[in-house]
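Examination of the molecular architecture
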Amino acid sequence: MKRKAVKLAILSWLLLPALLLPASLHASLSEPVDPCPSEAIYLFTQHYAFHAADSLIRQHESRLKHDPEFELAVINYYWTRKIAGNTSANWVQKLNNAIDSFKEHHVSADFAESDEHLFLMTSVLAFGARVHLHNNAYFAALNDLKKYNTVLRKTFGREKTFPPFYLTSGLYYYFSAYATEKLPFVTVFSGDKTLEDMKTGIAYLKIAAGADNRMISTEARYFLMKIFFELQKNPQEAARYCQMLISEFPDNLLYRYYMVCINLALNQEKRAAGLIVQLSELAQGNNNLSAAEMEHFIKLAADEMKKVKKKKP
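Remember, it's a predicted structure, so these values are computed and weren't measured experimentally.

Basis of the calculations
Residues numbered from 1 in each chain as written. Predicted model: local features only at pLDDT ≥ 70, side-chain atom pairs only at ≥ 80, totals over all residues. Heavy atoms only, no water. Bend = angle between axes of the 7 residues up to and from the residue. Helix = DSSP H or I, 4+ residues; strand = E, 2+ residues; numbered from the N terminus. Buried < 20%, exposed > 50% of the residue type's maximum accessible area, 1.4 Å probe, protein only. Contact = heavy atoms within 4.5 Å. Core = buried A, V, L, I, M, F, W, Y, C linked by side-chain atoms within 4.5 Å. Axes fitted to C-alpha atoms, helices over the stretch in contact; angles between N-to-C directions. Parallel < 35°, antiparallel > 145°, perpendicular 65-115°, else oblique. Left-handed = near helix turned anticlockwise from the far one by under 90°. Nonpolar A, V, L, I, M, F, W, Y, C, P; charged D, E, K, R; others polar. Salt bridge = Lys/Arg side-chain N within 4 Å of Asp/Glu carboxyl O. pLDDT = per-residue confidence, 0-100. Disulfide = S-S within 2.5 Å. Expected span 1.5 Å × (residues − 1). Phe/Tyr/Trp six-rings, centres within 6.5 Å; stacked < 30°, edge-to-face > 60°. Lys NZ or Arg CZ within 6 Å of the ring centre and 35° of its normal.

**Observations concerning helix H3 (residues 50-64)**
Its axis deflected by about 30 degrees at Arg-58, H3 carries its strongest bend there. Turning to H3, its buried residues number three or more, namely Phe-50, Ala-53, Leu-56, Ile-57, His-60 and Leu-64. In the core, the buried residues of H3 are packed alongside helix H2 (37-46), helix H4 (68-83) and helix H15 (291-311).

And the structure:
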């Protein structure tokens, strides 16, 4: 079972980012908020302005409860708070219920195969698999991965006409090739992918990272940061994308935590210590966070620092 968990953890890299929506986002917290609730919820979530995001959800949930973009924004909000340290049973249930509702109303054989609809379908299937993996529900995760693979293949070749597919295709090419190299058994999902496919994936993600759509560029930069840091072992390049994310969303504690880890990998221990202080100040000064969320990334960053110190002679 332990080996299966390791394999499926790597398979989770084949999943899409936390949320993928086709609409352009140009608003920021310092500008008038765009009237589209799903866009505003995404931005508030990225800024860790959870009270504002929660207020918008409650304000619009009756009217938009079956609107696919709104539902995905809500799912992303629940997931972000979960990985930020909110692990209450009620919160987890909200996330699962939101995913199940989306599947019930928007994922079916009758779903129109427009670019936008395919994009939404891959998003929710990826979320379902990600949550199942997190809960160690391996067979349910495999089922969602199979569906995800089937739907995603319909989007290949449409990147130039629908640029957000540079993100989804880029993730598929890179991670399927990576998984094939590390775990040959995953070819049941990925096919016979090569090193060239991995390069294509990086190239596509870089195109997506420069997109005018703030959501697409943010998710592409996030995955480029993770690829270069965790898989390519290139912390210098990871730092570049992480800084882009922090510049765009300075209150996002996840990105701040990654910058601590990246600096530790660069042997910049003193700078990392200063970044932990900044992270702590931001967390403790954010009244949007629960007590558990306030301490979550501070503890993780401190643990990373302890590991580095322990390795020293």
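**Examining the nonpolar core**
Ile-75 and Met-225 are the most contacted members of the largest nonpolar core, which has 91 residues in total. Examining the composition of this core, we find that 11 residues originate from one element, helix H11 (residues 214-231), more than from any other. With sequence-adjacent residues up to four places away left out, Ile-75 is seen in contact with Leu-95, Ala-98, Ile-99, Phe-102, Val-124 and Phe-127.

**Focus: the side chain of Asn-86**
Position of Asn-86 relative to the elements: it lies in the loop between H4 and helix H5 (89-106). A relative accessible area of 12% means that Asn-86 is categorised as buried. Ignoring anything within four residues of it in the chain, the contact list for Asn-86 reads Arg-81, Trp-91 and Glu-293.

**Brief notes about the packing of H11 against helix H12 (residues 235-248)**
Interaxial distance between H11 and H12 falls to 8 Å at its minimum, and their mutual angle equals 150 degrees. Here H11 is positioned roughly antiparallel relative to H12, judged by the angle of their axes. The two elements H11 and H12 meet at a crossing, and its hand is left-handed. The segment H11 lies against H12, with Arg-214, Thr-218, Arg-221, Tyr-222, Leu-224, Met-225, Phe-228 and Phe-229 engaging Pro-235, Glu-237, Ala-238, Tyr-241, Cys-242, Met-244, Leu-245 and Glu-248. A breakdown of the residues in the contact of H11 with H12 according to their chemical character gives 11 nonpolar, one polar and four charged.

**Overview of the pattern of salt bridges**
In a structure, side chains of opposite charge can pair up when their charged atoms sit close to one another. Following the criterion strictly, the structure yields 10 salt bridges and no others. Between Arg-158 and Asp-115 there is a salt bridge, with its nearest N and O atoms 2.9 Å apart. Of the two residues, Arg-158 sits in the loop between helix H7 (138-153) and helix H8 (165-182) while Asp-115 sits in helix H6 (residues 115-134), which places them 43 residues apart along the sequence. Relative accessible area serves as the criterion here: at 18%, Asp-115 is assigned to the buried category. In this structure, Lys-226 engages Glu-230 in a salt bridge whose closest nitrogen and oxygen atoms are separated by 3.4 Å. Within this pair, Lys-226 and its partner Glu-230 are both found in helix H11, separated by four residues, close to a single helical turn.

**Topic: the packing of helix H13 (residues 253-265) against helix H14 (residues 269-284)**
Orientation of H13 relative to H14, taken along the N-to-C sense of each, is 165 degrees, at an axis distance of 8 Å. Comparing their axes, H14 and H13 come out roughly antiparallel. Note that H13 runs across H14; the crossing there is left-handed. Across from Leu-253, Arg-256, Tyr-257, Met-259, Val-260, Asn-263 and Leu-264 in H13, the residues of H14 making contact are Glu-269, Arg-271, Ala-272, Leu-275, Ile-276, Gln-278, Leu-279, Leu-282 and Ala-283. By residue class, the composition of the contact of H13 with H14 is 11 nonpolar, two polar and three charged.

**Quick look at the confidence of the model for the chain**
Averaged over the chain, the pLDDT score is 81; the fraction of residues at 70 or greater is 78%. Between residues 1-34, whose pLDDT stays under 50, and residues either more than four places distant or in other chains, the model counts 106 contacts.

**Remarks on the state of the cysteines**
On inspection of all chains with the given rule, the structure shows zero disulfides. For Cys-242, which is in no disulfide, the shortest distance to another cysteine sulfur is to Cys-261 and amounts to 9.2 Å. Judged by relative accessible area, Cys-242 falls into the buried class, the value being 0%.

**Examining H12**
Between its first and last C-alpha atoms H12 spans 20 Å; for 14 residues at 1.5 Å apiece the expected length is 20 Å, and the two agree. Of all the positions in H12, only Pro-235, Glu-237, Ala-238, Ala-239, Tyr-241, Cys-242, Leu-245 and Ile-246 are classed as buried. Buried residues along H12 sit in contact with helix H10 (195-209), H11 and H13.

**Here's the deal with the packing of aromatic side chains**
Evaluated as defined, the whole model comprises 20 aromatic pairs. Ring plane angle 65 degrees and centroid distance 5.9 Å describe the contact between Tyr-77 and Trp-91, whose orientation is recorded as edge-to-face. Residue Tyr-77 is found in helix H4, and its partner Trp-91 is found in helix H5; the two are separated by 14 residues along the sequence. Comparing Tyr-77 with Trp-91 shows no difference in burial state: the two are buried. Ring geometry for Tyr-173 versus Tyr-204: centroids 5.9 Å apart, planes at 75 degrees, classification edge-to-face. Remark: Tyr-204 occurs in helix H10 and Tyr-173 occurs in helix H8; sequence separation between them is 31 residues. Here a set of aromatic residues connected by ring pairs shows up, and it is made of Tyr-222, Phe-223, Phe-229, Tyr-255, Tyr-257, Tyr-258 and Phe-297. When the ring centre of Tyr-241 is taken as reference, the NZ or CZ atom of Arg-240 above it lies at 4.6 Å.

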